[in-house]
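Overview (structure and organization)
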Number of protein chains: 4
Amino acid sequence: MPPAHPFDDDKLKEECGVFGVIGLTDAANFVALGLHALQHRGQEAGGIVSHDADEGFNSARRFGYVRDNFTKQSLMETLPGPLAIGHVRYSTAGSKVAQIRDVQPFFGEFSMGGAAIAHNGNLTNAEALRRELIERGSIFQSSSDSECIIHLMARSLQRDIPERMQDALRRVEGAFSIVAMTQSKLIGVRDPLGVRPLVMGRIGDGWVLSSETCALDIIGAEFEREIAPGEMVVIDDDGVESHFPFRRQKSRFCVFEHVYFSRPDSIIGGRSVYETRRQIGVELAREAPVEADIICAVPDSGTPAAIGYAHESGIPFGMGIIRNQYMGRTFIEPTEQIRNMGVRLKLNVNRALVRGKRVVLVDDSVVRGTTSRKIKEMILDAGAREVHFRIASPPTAWPCFYGVDTPQREKLLAATMSEEEMRQHLNVDSLKFVSLDGLYRAVGEASGRDANSPQYCDACFSGEYPVAPSDMIEKGFELKAAE
Amino acid sequence: MPPAHPFDDDKLKEECGVFGVIGLTDAANFVALGLHALQHRGQEAGGIVSHDADEGFNSARRFGYVRDNFTKQSLMETLPGPLAIGHVRYSTAGSKVAQIRDVQPFFGEFSMGGAAIAHNGNLTNAEALRRELIERGSIFQSSSDSECIIHLMARSLQRDIPERMQDALRRVEGAFSIVAMTQSKLIGVRDPLGVRPLVMGRIGDGWVLSSETCALDIIGAEFEREIAPGEMVVIDDDGVESHFPFRRQKSRFCVFEHVYFSRPDSIIGGRSVYETRRQIGVELAREAPVEADIICAVPDSGTPAAIGYAHESGIPFGMGIIRNQYMGRTFIEPTEQIRNMGVRLKLNVNRALVRGKRVVLVDDSVVRGTTSRKIKEMILDAGAREVHFRIASPPTAWPCFYGVDTPQREKLLAATMSEEEMRQHLNVDSLKFVSLDGLYRAVGEASGRDANSPQYCDACFSGEYPVAPSDMIEKGFELKAAE
Amino acid sequence: MPPAHPFDDDKLKEECGVFGVIGLTDAANFVALGLHALQHRGQEAGGIVSHDADEGFNSARRFGYVRDNFTKQSLMETLPGPLAIGHVRYSTAGSKVAQIRDVQPFFGEFSMGGAAIAHNGNLTNAEALRRELIERGSIFQSSSDSECIIHLMARSLQRDIPERMQDALRRVEGAFSIVAMTQSKLIGVRDPLGVRPLVMGRIGDGWVLSSETCALDIIGAEFEREIAPGEMVVIDDDGVESHFPFRRQKSRFCVFEHVYFSRPDSIIGGRSVYETRRQIGVELAREAPVEADIICAVPDSGTPAAIGYAHESGIPFGMGIIRNQYMGRTFIEPTEQIRNMGVRLKLNVNRALVRGKRVVLVDDSVVRGTTSRKIKEMILDAGAREVHFRIASPPTAWPCFYGVDTPQREKLLAATMSEEEMRQHLNVDSLKFVSLDGLYRAVGEASGRDANSPQYCDACFSGEYPVAPSDMIEKGFELKAAE
Amino acid sequence: MPPAHPFDDDKLKEECGVFGVIGLTDAANFVALGLHALQHRGQEAGGIVSHDADEGFNSARRFGYVRDNFTKQSLMETLPGPLAIGHVRYSTAGSKVAQIRDVQPFFGEFSMGGAAIAHNGNLTNAEALRRELIERGSIFQSSSDSECIIHLMARSLQRDIPERMQDALRRVEGAFSIVAMTQSKLIGVRDPLGVRPLVMGRIGDGWVLSSETCALDIIGAEFEREIAPGEMVVIDDDGVESHFPFRRQKSRFCVFEHVYFSRPDSIIGGRSVYETRRQIGVELAREAPVEADIICAVPDSGTPAAIGYAHESGIPFGMGIIRNQYMGRTFIEPTEQIRNMGVRLKLNVNRALVRGKRVVLVDDSVVRGTTSRKIKEMILDAGAREVHFRIASPPTAWPCFYGVDTPQREKLLAATMSEEEMRQHLNVDSLKFVSLDGLYRAVGEASGRDANSPQYCDACFSGEYPVAPSDMIEKGFELKAAE
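Parameters and conventions
Residues numbered from 1 in each chain as written. Chains lettered and ligands numbered in written order. Predicted model: local features only at pLDDT ≥ 70, side-chain atom pairs only at ≥ 80, totals over all residues. Pairing = 2+ DSSP bridges. Helix = DSSP H or I, 4+ residues; strand = E, 2+ residues; numbered from the N terminus. Axes fitted to C-alpha atoms, helices over the stretch in contact; angles between N-to-C directions. Contact = placed C-beta atoms within 7 Å. UniProt positions renumbered as here; feature names shortened; annotations may be inferred. Nonpolar A, V, L, I, M, F, W, Y, C, P; charged D, E, K, R; others polar. Buried ≥ 20, exposed ≤ 12 C-beta atoms within 10 Å, placed from the backbone. pLDDT = per-residue confidence, 0-100. Right-handed = clockwise from strand over helix to strand, strands pointing away. Least-squares fit on C-alpha atoms with pLDDT ≥ 70 in both. Parallel < 35°, antiparallel > 145°, perpendicular 65-115°, else oblique. Left-handed = near helix turned anticlockwise from the far one by under 90°. Domains from an automatic or database assignment.

1. A short note on the sheet that holds strand E24 (residues 430–433) of chain C
Within a sheet, neighbouring strands are paired by backbone hydrogen bonds and run either parallel or antiparallel to one another. Residue and element names in this part refer to chain C. On the basis of which strands lie adjacent, the open sheet formed by four strands has the order E18-E21-E22-E24 and parallel pairing. Looking at strand neighbours, the two that pair on one side only are strand E18 (294–297) and E24, the edges of this open sheet. The average undirected angle you get between the axes of adjacent strands in this sheet is 20°. Alignment of E18 against strand E21 (residues 358–363), held across four bridges, turns out to be parallel. Looking at the pairing, Ile294 lines up with Val359 of E21. Strands E18, E21 and strand E22 (386–391) of the sheet are contacted by helix H10 (residues 303–313), whose axis makes an angle of about 165° with E18. Docked against the sheet, helix H13 (residues 370–381) engages E21 and E22, running at close to 150° with respect to E22.

2. Remarks on the UniProt feature "binding site: Mg(2+)" (unreviewed entry) in chain A
All names here are of chain A. Residues given the UniProt feature "binding site: Mg(2+)" (unreviewed entry) here are Ser301, Asp363 and Asp364. Taking the farthest pair of C-alpha atoms as the criterion, the annotated set spanning 64 residues converges on one region, since that pair is 7.2 Å apart. Tracing the backbone through its elements, the reader meets Ser301 in the loop between strand E18 (294–297) and helix H10 (303–313). Not counting residues up to four positions away in its chain, the partners in contact with Ser301 are Tyr260 and Asp364. Residue position: Asp363 is located in strand E21 (residues 358–363).

3. Side note on the interface of chain D and chain B
Contacts between the two partners involve 15 residues from chain D, matched on the other side by 15 residues from chain B. For the side of chain D that touches chain B, the secondary structure elements donating two or more residues are strand E6 (106–110), helix H4 (126–135) and helix H5 (147–155) of chain D. Examining the composition of the side of chain D that touches chain B, we find that four residues originate from one element, H5 of chain D, more than from any other. Its residues placed into classes, the side of chain D that touches chain B shows six nonpolar, six polar and three charged.

4. Things to note about the interface of chain D and chain C
If you look at the interface, chain D gives 52 residues, while chain C gives 52 residues. At the level of secondary structure, the elements contributing two or more residues to the side of chain D that touches chain C comprise helix H1 (27–37), helix H3 (73–76), helix H7 (214–219), helix H9 (273–287), helix H10 (303–313), helix H11 (336–341), strand E20 (347–349) and helix H12 (351–354) of chain D. Among the elements that take part in the side of chain D that touches chain C, H10 of chain D stands out by supplying four residues, more than any other. Of the residues belonging to the side of chain D that touches chain C, the class tally is 24 nonpolar, 18 polar and ten charged.

5. Overview of the UniProt feature "active site" (unreviewed entry) in chain A
Residue and element names in this part refer to chain A. Per the UniProt annotation, the sites labelled "active site" (unreviewed entry) are Cys16. Note that Cys16 resides in strand E2 (residues 16–22). What makes Cys16 buried here is the crowd of 25 C-beta atoms within 10 Å.

6. A closer look at the confidence of the model for chain A
A low pLDDT means the predicted coordinates there should not be read in detail. Of the residues in chain A, 96% have a pLDDT of 70 or more, and the chain-wide mean is 93. Long-range and interchain partners of residues 92–96 of chain A, a stretch whose pLDDT sits below 50, account for eleven contacts in this model, where long-range means more than four residues apart.

7. Some remarks on the sheet that holds E21 of chain A
Residues and elements named next belong to chain A. Taking strand neighbours across the sheet as the criterion, the four strands line up as E18-E21-E22-E24 in an open arrangement whose pairing is parallel. The two strands at the open ends of the sheet, each matched to only one other strand, are E18 and strand E24 (430–433). The sheet shows a mean angle of 20° between the axes of neighbouring strands, taken without regard to direction.

8. A short note on the pairing of strand E22 (residues 386–391) of chain B
One face of the sheet, then the other: side chains in a regular strand alternate in exactly this way. All names here are of chain B. With respect to burial, E22 is a largely interior element, five of its six residues being buried. In this structure, strand E21 (residues 358–363) lies alongside E22, joined through six bridges in parallel fashion. Across the sheet, residue Asp363 finds its bridge partner in E22, namely Ile391. In this fold, the crossover linking E21 to E22 by way of helix H13 (residues 370–381) has right-handed handedness. For E22 and strand E24 (residues 430–433), the ladder comprises four bridges, and the chain directions are parallel. Considered in E24, the bridge of Arg390 is made with Lys432.

9. Observations regarding the relation of the copies chain D and chain B
Overlaying chain D with chain B gives an RMSD of 0.0 Å, the required rotation being 180° about an axis along which the chain moves by 0.0 Å. In short, the pair behaves as if placed about a two-fold rotation axis. Among all residues of chain D, the minimum C-alpha distance to the rotation axis is found for Ser138 of chain D, at 3.0 Å. Looking at chain D, 100% of its interface residues are interface residues in chain B too, so the copies touch through the same face.

10. With respect to the relation of the copies chain D and chain C
Superposing chain D onto chain C takes a rotation of 180° plus a shift of 0.0 Å along the axis, which leaves an RMSD of 0.0 Å. Looking at chain D, 100% of its interface residues are interface residues in chain C too, so the copies touch through the same face.

11. Let's talk about the packing of H5 of chain D against helix H6 (residues 161–171) of chain D
Residues and elements named next belong to chain D. Where H5 meets H6, the axes come as close as 8 Å, and the angle between the chain directions of the two elements is 125°. With respect to H6, the axis of H5 lies oblique. Along this stretch, H5 crosses H6, giving a crossing that reads as right-handed. Of H6, the residues touching H5 (which contributes Ile149, Leu152 and Met153) are Arg164, Met165, Asp167, Ala168, Leu169 and Arg171.

12. A few points about the domain arrangement of chain A
Residues and elements named next belong to chain A. Domain parsing of chain A yields domain 1 (13–252) and domain 2 (271–465). Domain 1 and domain 2 are separated by 32 Å when their C-alpha centres are compared. Of the residues lining the interface, 18 residues belong to domain 1; the matching set on domain 2 comes to nine residues. For the side of domain 1 that touches domain 2, the secondary structure elements donating two or more residues are strand E1 (13–14), strand E7 (113–123) and strand E8 (174–181). With three residues, E7 is the single largest residue contributor to the side of domain 1 that touches domain 2.

Right, here's the structure in full:
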């Protein structure tokens, strides 16, 4: 039984990270390191499946951090072989209470052998597919949308596993970056829009697939290239085969990966995530300047933008909020007091620095606003003269259905309030979000967002969903009215 | 049995943090929060003792982080009462293998009632005292130097516990900041030199003692004042009594608390630790300027000095090294690969930022130099053009005997090499340490260090020990020759 | 990961016990007690599924004893509702290494709702069924033969779950006593031969299904009747419906349930198991008398027969072997010494009693003979003058394929040796097994075994298998040649 | 934190077993086996201390069964060396809540080296000694009476450890059978009355000390002799030295060791415990015959006396009550239902056997009568016609102060009721206890108890305490009035 999350840091949560290796002795050890580097993409649980010629498939799935489970000799010895994939997750779409059977990779035994898959993203027609599959005799073991893929593969008439996977993926809608394996092949595939990231690397004679480049760095692998939107790569002893099994579409990569999800030391689409975030700060300083004494960040995610804002504005950057390094995300059976502490367990104001100052506080996003209120209070308690919030993303007004845990729409502060209402609600001296065009400039689109054909998926800001969320619509979700 | 420490981050380690509360319902809950805020002072183990009128004394001692143990309802319920003290520790002086019986607070039953003590610091004559006490019939339960204090108290002829403690402490030599309790009193005491910190705060009708002010902040207590060097405070329902039981001496506070041990959001001697560290960076930039493109820190301890260096030099500050937030200090039963990963598990270079740049890398200290070498290699691998190390403390050339875990003298890089030899050993383009005078200026001594009567304990830099380390001298340690 | 079994007590192992309750508040608590009483039928793992109108289906599956898992408040609270079933198991047919996913009850979600099943027995055509189901697109999650039933149910075209279960069970061969549940019904069913036991009881307004009557006693339920061979009962708020969905056959209950598997305080087919075993001892004394000083049992399973033998022979019964009450079946990570201790960890000879005596030692069965040898040596070491083995079952010469863990045929002592060869191998003064006719007399068949139409399944003694073990035959198992 | 004991089986509880080995490689492994064989003497916790020339002293103390802790490779590897002692315990005299620091062996560091002691028995002047020792400066770590011995040793002026132990033991009153060790010697000692047992054995070149002979058997050691009352043996490489440091007294061995505490396969004072118990049954049949159909035992402790009663009376013996083999003594966090189940979790009536019968039920003792009542009800529920209780010990009317956990006097049924009142209270057809003389005859005193100088300690029956329980008298306990 997984522990409670009394500590709400009020962020959108990336749901998953995926990683796979072929051609290295004890591949599972490398997968463990890769997952550790991807831990920011999912802290609730992790799993690894490996294959060895003698031992066949083995798997281990655990709640908790990678470093607490998949670094142990006794566990890793149960995962032998030169081929392994792994997954870290925040939580699946379907499940209220986390259960180990919902932890990926999922495994299926087919007549031509076994396969395991690890999925980052979310299928927007999973509920309809699930009903149909159950009607036809499939037994589901998890509450995860991703399990549909295994059952669709089981019912495919194709002769080999990569083709069955193509068959299956042509039936699903939504976002998927998948790392999968058979007993001899490592497979990577991205949905036609390429919503979630997936990259390929090399290390010695081995190949690596990973959600982000930072996980290549930790094992010393060289970045080779990104898997293209709509591409499937199949890697075995003979090298890499590339397929494009889907109808081609214009890509719509998730812009929030740049804003918050990805690690700053990763490189996406040839751009440094750190540099993009710093540039968002520069844009913010241009769009929303203010007279102030010091620029501070809500650590750690607001720091690059704060550095950029400070550089552009000429106002000094300082560490106004200090993070406790010994925080995890969850507590087992917490006392009432711990439950009520919230962000104070994690952050403390550097009182001597902010006392009497006009402070600009840069954060990456505002979701429900709960944490922003508490931080503002802590800073005022410490004696700041003025507090100016600067947010390194546009107002988050719409839920994500492509693999991100977002509150229901009515819980999003920006869904129900104007910027000025939010300012009053947070009770700060000023509040400014970067504009959608400013954000697009920061990610390299010099002329801003192309309103007719946006270069990214920005549904959480714009309400324009590149794939219709059909399960949700069936449940009554209302799309943005056409303007 | 506690886990192994395969991961060496090559820092001096503060050995302990102490915290105590009187006059608050469920005082142990507040102590748990205080210890969480002091976790940077000791991550190996923690303990809390509480007293309740009905239940008497209760205690719990655990290996691991405060947040993993002392936040649980079921454990905290066993620690009732309005009076409690706690301790976090890195490791005790005497023990090779950690054992739960070495975890403080220590408890003793005397004829006039029980007492518990939590000790930050180290006694330099503990081994001689221990031999003497065993000879006279005392049974030691731990390998800790601190247990001597309990046995000396047991043999005192004084009538009450504070007086017995004064008796005992007059027999010990070395550094001690102690938080202790009887069934009705909270006691705080610092050695005559005041080597380790200890502060007092108020919250409602309650009183708090803490190693640092950052732990007052987390529970919302107001900072009242520091306990003075050589002072004992005895707090009960009637308020605070102050005693000065020792011969008065000029104080010699540990300067390394400013450099590294204390949290940047703490205030010591009226000075912000963050601001002092930033100022060290300013001094460094003045003493050791260099032409460069970017100023980076070894996170997180080098960041304030890097900000100061960047500000003074006018060269931009950037996050050239990214820390993995999901690292703990130890691994249980690690694989060979984990054992060999070292600092790569924790840090990754922001490759896009440093490529082709002349990088100034600011770190707080160099101890054995092992981590510095690895970081330098990671930065060069990432394509930096030049690497210039700037160290925010003077060369660490002497071990500490006052409660800090330091390697033997011959393992300290600065004990055997000149600055230029160290530069060659680390193979960097330049290497500069802040001067001892520069450090003193940064902590507020405008004219630098008073060589005849230094204002701080700086033995780790200067080799001038304010208290003779008698146990160590007996074992053959050679003091610095008089010049 | 379950623990190792270094301790071999050389018995045939019943693989499972099943229990279900409907109509009682917190039904899972009653199931836990029932499973505790059935623990002798399977010690490796246990599981419970419950259903509550608000909470839906919940399940918990654990390795280890029922009493160590399913007595905890915190676990049982997760299993609310008036309807629950449970299962204890020794090991499944398919699995080398135990995995939690092989622990029953198994659960399936169908278009008309969920169902859980717990199976005692073994399907002899499971492997062929599994291949066929996988070919048609089923995804298996366990290595258990029992999972086939769920997949067959999923593919049935029937409209309600009991009918789907009938559909499915008409496809399987072998032995099954099943307790199952939907969200409103408790279902019990036995294969047409009625190889494994299943009884029904009442308690207040509730109904109970159980492998044995001893588990009715623990919860205070009244024994109602046995489920008949080939019968399915479906119990809900409206009472009990009885169905006979299979072609009727002459029943063939497992005779070894009387000899060893069932608990002596259970009643099977109207006969006390204890009394039957005592009567086997009487038959043995008649068939194989011997001059001796004392009759001893290998505790605890040999004791009733020893009492019977003593009574019939007039030689006193004594406790010649004493059992250590603090033994479990398995050890986690045992030392070499523990691994080598074997039966000495569990049994010790009462040296003072056997010294200089002619001892008759009554055991329930001889499987590989490994334990028998060790016990004989212990008794001779203790100074017994003669040792006469009397075995309360015929020679076990054939493996069981109906839900009992037996060694491969060539490991069975009686498969390769005559009685005299076994005597020499065990090196005892005499060795006698009860005859097959004697055994049948003891279970109440006054004229012994009807060779043309045996009243019981006695394949382990006779090699006459009432259901052809088709999977095993396909793998090369050779049936007994027709005589 | 140890688990709760919701299950009361209403027996007197032996508090401890002790075991020690010298001269065998990995002595701790042998100690673990010995403690496993002595587990009936204490199930709450166990500990082992070993000494190795290179590694010095090591210790491990754990709650729970020996077999769950001290069979693990990883733990036993931490206990190297040819010399080790161990202890199992039920609970110490002083402690309400069990704590690991109360688990023996206790260890003390003296100026001439370390020593560890394991104590079976109880000191009747421990509280007075403790007060005195604290007054003089000793720090107690446990609430155990046994710790006094270590502190008395620490204050002795003698030069070697055995002499210091003699010094210390001359100061204590009460019962003690002690196994102790220095870095080169194994020491065994019994109090002058020899209340608790202690035997010596040989195995190869090694020597063994044990509470009972059954623990010699498990490791294959030969019984050498009992340690005499008042004797200290000191064993090292040079062999066994014997000392008699106390004033000689007539021995008073605990007669309840014969009745219940010791294992039936142990030999005490040259007599088989099993045979003694069988003989008590014979005496009971002579003293209290009854017309009946069957003789049953409350398993397992009543079985030998039931066999004796059956043999003497000519009425057949049968297993009327069946024990569940999968019971432990304690539950962690039990449900309400488990808390209320009591003896039904452990025992079930063999309904078919007792229905319609006149049953004689033989139990070893009646303490509070709670379990006896429940068993009687279970037997009547099962349809027995008459129930006659026969108790294989005299009425237990006085508490024990020599190492046995007994309820306060007013809770003992026999302290407040006559035999007839007890019969009515239990509501049975007849109730008879063996007489004190009958018990003495069964243990070999042909002419019964010598009222002027009893051969055994039988204070629990007679109220005649061979050592005045001085701590208890000080607290108000009233001795039996002189007659």
